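Each chain, written out:
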Amino acid sequence: MNNVNDLISDFLDKDTVNELANFLNKAEKFEKAADKIAVAFGSKSGFSKITPENAVKLSHSFKNNLTLLIQKTWVEKSDIALKDKLLYELEQFSLEDKKKWAVRYPAFLALIDDAVFLMFGKQAKSEDFLEYSLRIDPEFGIFWWYVGSLPKECDWSEEKCRLAVLVGMYFLANY
């Protein structure tokens, strides 16, 4: 993790890098960490206080923007089925707005992994993809660092799962 932190520190202030560790490892005060990470994605401060109505709007913007990214991604014939599957899964994920965030959390991570694979191919699975993504688009690279740092499975509170997903959605809704 230190090599990753050293790499990301070239693109992001040390406080924000440390706040991700706080978000991941602390059961309390994770809201402050989520706020700091969201600010790195362009949000105003106080992101953790997002209202349910604004969370729904954010979810719709996320779906619309990710749908557009997926649709506009040129793929080989062999990847058309993956593209269609991903659009279907995004639609299903969006229909789950009423489900608990802890249930939606792993589905969100799977969506992002598949979308990034669709856009970047096998490169997305390589060990140096973070460095590659930071070089081609530092904002996206920071997002990938965030998503890649999140555990695939967790026993977090509903609120922590909500914030983890909403912070990721925020970036893609505005990308």
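First things first, this report covers the structure right here in the doc. (Residues numbered from 1 in each chain as written. Predicted model: local features only at pLDDT ≥ 70, side-chain atom pairs only at ≥ 80, totals over all residues. Heavy atoms only, no water.)

### Considering the overall build of the chain
Definition in use: A run of H or I in DSSP counts as a helix once it spans at least four residues, and a run of E counts as a strand once it spans at least two, with each numbered from the N terminus. Throughout, radius of gyration means the C-alpha value; the globule benchmark is 2.2 Å times the number of residues raised to the power 0.38. Exposed residues in this analysis have more than 50% of their type's maximum accessible area, buried residues have under 20%, and partly exposed residues fall in between, with area computed by a 1.4 Å probe over protein chains only. Here, residues are in contact when the closest pair of their heavy atoms is within 4.5 Å. Here the accessible surface of atoms and residues is derived via Shrake-Rupley with a 1.4 Å probe, and residues count as covered only by protein chains that are part of the display. Charge convention: Lys and Arg are scored as positive, Asp and Glu as negative, and His as well as the terminal groups of each chain are ignored. Note that the charge is assigned to NZ on lysines, CZ on arginines, CG on aspartates and CD on glutamates.
Counting its secondary structure elements, the chain contains 9 helices and 0 strands. Starting at the N terminus and ending at the C terminus, the chain contains elements arranged as α-α-α-α-α-α-α-α-α. Expected size for 175 residues packed as a compact globule is a radius of gyration near 16 Å; at 16 Å, the chain falls within 12% of this value. Considering the chain as a whole, with its 175 residues, one finds that 45% of them fall into the buried category. Long-range pairs, those at least 24 residues apart, make up 67% of the contacts in the chain between residues at least 6 apart in sequence. As displayed, the chain offers around 9700 Å² of accessible surface, 52% of which is attributable to carbon and sulfur atoms. Counting 23 positive and 27 negative side-chain charges, the chain places the centres of these two groups 4 Å from one another.

### Considering the nonpolar core
Worth spelling out the cut-off: Among buried residues, those of type Ala, Val, Leu, Ile, Met, Phe, Trp, Tyr and Cys that are joined through side-chain atoms within 4.5 Å constitute a nonpolar core.
In this structure, Phe-23, Phe-62 and Tyr-146 are the most contacted members of the largest nonpolar core, which totals 57 residues. At the level of elements, helix H2 (14-25), helix H3 (30-40), helix H4 (52-72), helix H5 (80-95), helix H6 (101-120), helix H7 (129-136), helix H8 (138-149) and helix H9 (158-173) are the ones that each hand at least two residues to this core. With 11 residues, the top contributor of residues to this core is H9. Setting aside residues up to four positions removed in sequence, Phe-23 forms contacts with Phe-30, Ala-33, Ala-34, Ile-37, Leu-150, Trp-156, Lys-160, Leu-163 and Ala-164.

### Side note on the environment of Ala-173
Examined against the element boundaries, Ala-173 turns out to sit in helix H9. Excluding residues within four positions of it along the chain, Ala-173 makes contact with Leu-58, Ser-61, Phe-62 and Asn-65.

### Remarks on the packing of aromatic side chains
The cut-off we apply is this: Only rings of Phe, Tyr and Trp enter the pairing, Trp through its six-membered ring, and a pair is recorded when the two centres are within 6.5 Å. The plane angle decides the type: under 30 degrees is stacked, over 60 is edge-to-face, the rest tilted.
By the definition in use, this model includes 20 aromatic pairs. Taken together, a centroid distance of 6.3 Å and an interplanar angle of 40° make the contact between Phe-93 and Phe-108 tilted. Placement of Phe-93 in helix H5 and of Phe-108 in helix H6 is noted, with a sequence separation of 15 residues between them. Classification of Phe-108 as buried rests on a relative accessible area of 0%.

### Quick notes on the packing of H8 against H9
What describes two packed helices is the angle between their axes and the distance between those same axes. The condition is simple: Orientation is described by axes fitted as lines to C-alpha atoms, over the contacting stretch for helices, and by angles from 0 to 180 degrees between their N-to-C directions. Should an angle fall under 35 degrees it is called roughly parallel, over 145 degrees roughly antiparallel, and 65 to 115 degrees roughly perpendicular, with every other angle called oblique. In this scheme the handedness of a crossing depends on how the near helix is turned from the far one: anticlockwise by less than a right angle means left-handed, clockwise means right-handed.
Viewed as axis vectors pointing N to C, H8 and H9 meet at an angle of 165°, and their least axial separation amounts to 11 Å. As judged from the angle between their axes, H8 and H9 are roughly antiparallel. As for how H8 packs across H9, the hand of that crossing is left-handed. Facing H8, whose interface residues are Glu-139, Phe-140, Phe-143 and Tyr-146, H9 presents Leu-163, Ala-164, Val-167, Gly-168, Phe-171 and Leu-172.

### Examining the pattern of salt bridges
Side chains that carry opposite charge are capable of pairing whenever their charged atoms lie near each other. For clarity, the cut-off: Salt bridges are identified by distance alone: a Lys or Arg side-chain nitrogen within 4 Å of an Asp or Glu carboxyl oxygen.
Within this structure, the stated rule accounts for 7 salt bridges. The salt bridge involving Glu-89 is made with Lys-85; its shortest N-O contact spans 3.1 Å. Separated by 4 residues within a single helix, Glu-89 and Lys-85 lie in helix H5, roughly one turn from each other. Owing to a relative accessible area of 26%, Glu-89 belongs among the partly exposed residues under this scheme. Among the residues examined, Lys-85 registers a relative accessible area of 40% and is labelled partly exposed. Linked through salt bridges whose partners overlap, the residues forming this network are Lys-85, Glu-89 and Asp-114.

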